[in-house]
Amino acid sequence: MARQKAVFFFCIDPIDHVAGNVLRASAGILPLEETDILVDGKAVRKYTDRADNVFYFVSTSRVVSHGYDHYLPIMNSHFADFDLAGIITWHAGQNAPDNILTSHTTGDVDSGNFGPARPEYLRNLLLAMERNRLKAGLQDFQVTTEATHWSGMVYGGGRPDMIPRFPVPMLDIEIGSSPVCWSSEAAAGVLAESLISVFESDGRRIRNLLCAGGVHFEQSFSGAVFQTWNDSAFGVSHILANQWLVTGHYEDDDGPEKLEACVRSIHGGIEGIAFHDNLKGIYKDRFRALAAKSGIPVFKHQVLRRPEDIPWADRE
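Keep in mind it's a predicted model, so treat the numbers as computed, not measured.

1. Observations concerning the packing of helix α3 (residues 119–135) against helix α6 (residues 185–195)
- One can describe the packing of α3 onto α6 by two numbers: an axis separation of 9 Å at closest approach and a directional angle of 135 degrees. With respect to their mutual orientation, α3 and α6 come out oblique. Where α3 crosses over α6, the handedness of that crossing is right-handed. Of the residues in α6, those touching α3 at Leu125, Ala128, Met129, Asn132, Arg133 and Lys135 are Val190, Leu191, Glu193, Ser194 and Leu195.

2. Examining helix α9 (residues 255–264)
- Looking only at α9, the buried set comprises Gly255, Lys258, Leu259, Cys262 and Val263. The buried residues of α9 occupy one face: seen down the axis, they fall within an arc of 140 degrees. Facing away from the buried side of α9 by more than 90 degrees, the exposed set consists of Glu257 and Arg264.
- In this fold, the buried residues of α9 make contact with β8 (113–114), β11 (205–212), β13 (232–240) and α10 (281–294).

3. Here we look at the packing of α9 against α10
- Here α9 crosses α10 at 55 degrees, and the two axes come no closer than 10 Å. Judged on the interaxial angle alone, α10 and α9 are oblique. Two packed elements cross with a definite hand, and for α9 against α10 that hand is right-handed. Across the interface between the two elements, Gly255, Pro256, Leu259, Glu260 and Val263 of α9 pack against Arg286, Phe287, Leu290 and Lys293 of α10.

4. Re the packing of aromatic side chains
- Taken as a whole and judged by the stated rule, the model has 14 aromatic pairs.
- With centroids separated by 5.9 Å and ring planes inclined at 80 degrees, the aromatic side chains of Phe9 and Phe79 adopt a geometry described as edge-to-face. Residue Phe9 is found in strand β1 (residues 5–11), and its partner Phe79 is found in the loop between α2 (68–78) and β5 (84–91); the two are separated by 70 residues along the sequence. Like Phe79, Phe9 is buried.
- Both rings, one in Phe79 and one in Phe82, keep their centres 5.3 Å apart while their planes meet at 85 degrees; by these two values the pair is edge-to-face.

5. Re the pairing of β1
- By the criterion of burial, β1 is predominantly enclosed, with 7 of the 7 residues buried.
- Of the two faces of β1, both are covered, the one formed by Lys5, Val7, Phe9 and Cys11 as well as the one formed by Ala6, Phe8 and Phe10.
- Across 7 bridges, β1 lies against strand β4 (residues 54–60) in parallel orientation. Paired with Val7 across the bridge in β4 is Tyr56.
- In terms of strand pairing, β1 meets β5 through 5 bridges, oriented parallel. In the strand pairing of β5, Ala6 is matched with Leu84.

6. Side note on the environment of Thr148
- Among the secondary structure elements, Thr148 is positioned in the loop between β9 (142–145) and α4 (152–155).
- Accessibility expressed as a relative area gives 0% for Thr148, which makes it buried.
- Counting along the chain gives 53 residues from Thr148 to Asn95, while the straight-line C-alpha distance between them is 18 Å.
- Those residues in contact with Thr148, other than ones at most four positions away along the chain, are Thr105, Thr106, Gly107, Val109, Phe114, Ser237, His238, Ile239 and Trp244.
- Looking at Thr148, its side chain comes within polar contact range of the side chain of Thr105, at 2.8 Å.

7. Regarding the pattern of salt bridges
- Counted by the stated rule, this structure contains 16 salt bridges.
- Of the charged contacts in the structure, one is a salt bridge between Glu260 and Lys293, with a shortest N-O distance of 2.6 Å. Here Lys293 lies in helix α10 and Glu260 lies in helix α9, a separation of 33 residues in the sequence.
- Judged by relative accessible area, Glu260 falls into the partly exposed class, the value being 26%.
- Given the relative accessible area of 62%, Lys293 is considered exposed.
- Note that Arg306 is salt-bridged to Asp309, the shortest N-O span being 3.2 Å.
- The class of Arg306 is partly exposed, set by a relative accessible area of 39%.

8. Section: the pairing of β4
- In terms of burial, β4 is a largely internal element, 7 of the 7 residues being buried.
- As consecutive antiparallel partners, strand β3 (residues 42–48) and β4 are separated by 5 residues, and within that stretch Asp52 has a phi angle of approximately 75 degrees, a positive value.

9. Notes on unusual backbone geometry
- Cis peptide bonds are those with omega within 30 degrees of zero, and the linkage from Gly176 to Ser177 qualifies with 5 degrees.
- One can find Ser177 in the loop between β10 (170–176) and α5 (179–182).
- Unusually for a residue other than glycine, Asp40 sits at a positive phi of about 55 degrees.
- The residue Asp40 is located in the loop between β2 (33–39) and β3 in this model.
- Taking the relative accessible area as the measure of exposure, Asp40 reaches 24% and is therefore partly exposed.
- For Asp52, which is not a glycine, the phi torsion comes out positive at approximately 75 degrees.
- Tracing the backbone shows Asp52 in the loop between β3 and β4.
- Owing to a relative accessible area of 39%, Asp52 belongs among the partly exposed residues under this scheme.

Scoring rules and cut-offs
- Residues numbered from 1 in each chain as written.
- Predicted model: local features only at pLDDT ≥ 70, side-chain atom pairs only at ≥ 80, totals over all residues.
- Heavy atoms only, no water.
- Axes fitted to C-alpha atoms, helices over the stretch in contact; angles between N-to-C directions.
- Helix = DSSP H or I, 4+ residues; strand = E, 2+ residues; numbered from the N terminus.
- Parallel < 35°, antiparallel > 145°, perpendicular 65-115°, else oblique.
- Left-handed = near helix turned anticlockwise from the far one by under 90°.
- Contact = heavy atoms within 4.5 Å.
- Buried < 20%, exposed > 50% of the residue type's maximum accessible area, 1.4 Å probe, protein only.
- Arc of directions from axis to C-beta.
- Phe/Tyr/Trp six-rings, centres within 6.5 Å; stacked < 30°, edge-to-face > 60°.
- Pairing = 2+ DSSP bridges.
- Polar contact = N/O pair within 3.5 Å; in protein donor to acceptor, adjacent residues only side chain to side chain.
- Salt bridge = Lys/Arg side-chain N within 4 Å of Asp/Glu carboxyl O.

Written as structure tokens, this is what we have:
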């Protein structure tokens, strides 16, 4: 297999409660070497694994998504041909769950701007986070994913149409959601060990999904990441939460176009659509129409617990 490349961004300003800890943990377990690339006046470092995959570690003065107008040209100049990118940061928010190790894809559902997604890499990362969580004895933590979003919208980092201008699949990789969790050295170590496993597959046949409806942390979708049957597994990437389908007016005439843009952004396409029961009928109809057009099954989220019952298009 050809060499694969990943780049990870760490805001070393104290405004980020997590990134600096994870970067220090990475430097503690990996022989990082300096490159001649400078970002915000600091040398980018890299690590090459035994499979010749290379991982770049970038220190930044601001969280990348909070200063996207500044970092987008830098990213496209140095990292546009990479296979994966990740922003290591903290998670917070009203009613946000505590003791979480989480990652999610990038996109602004409201406007229909979606970053590229590689479901198999997100799955590899989440599985590694779970293995390393158990190894570290972090019994109180859980590994999860979140609905697709972009924190640049909250922090004024730029316009949502800038998201697809970086051609590399981008993940937010976070620890949440309180000061005690952010400062956990064990949790930082789990992320540090997991980052370099994003290209390590368990060899299962991945069936990519588009997930729709539910809340921001929707257990039925995040749990599907760990579901396996026979030699197969689900590939979860973009999750379109109910709230943003509503505020994005996906019932309007441009709704189908936004959904098709989402599907196009998922590497390898999708083989099924899972929607949550709480979706209004008009949105369910949108996903049924998309599935019919694509020739793939569409089903309720409960069916994810019975993958053998899904009528995949290639099923004989």
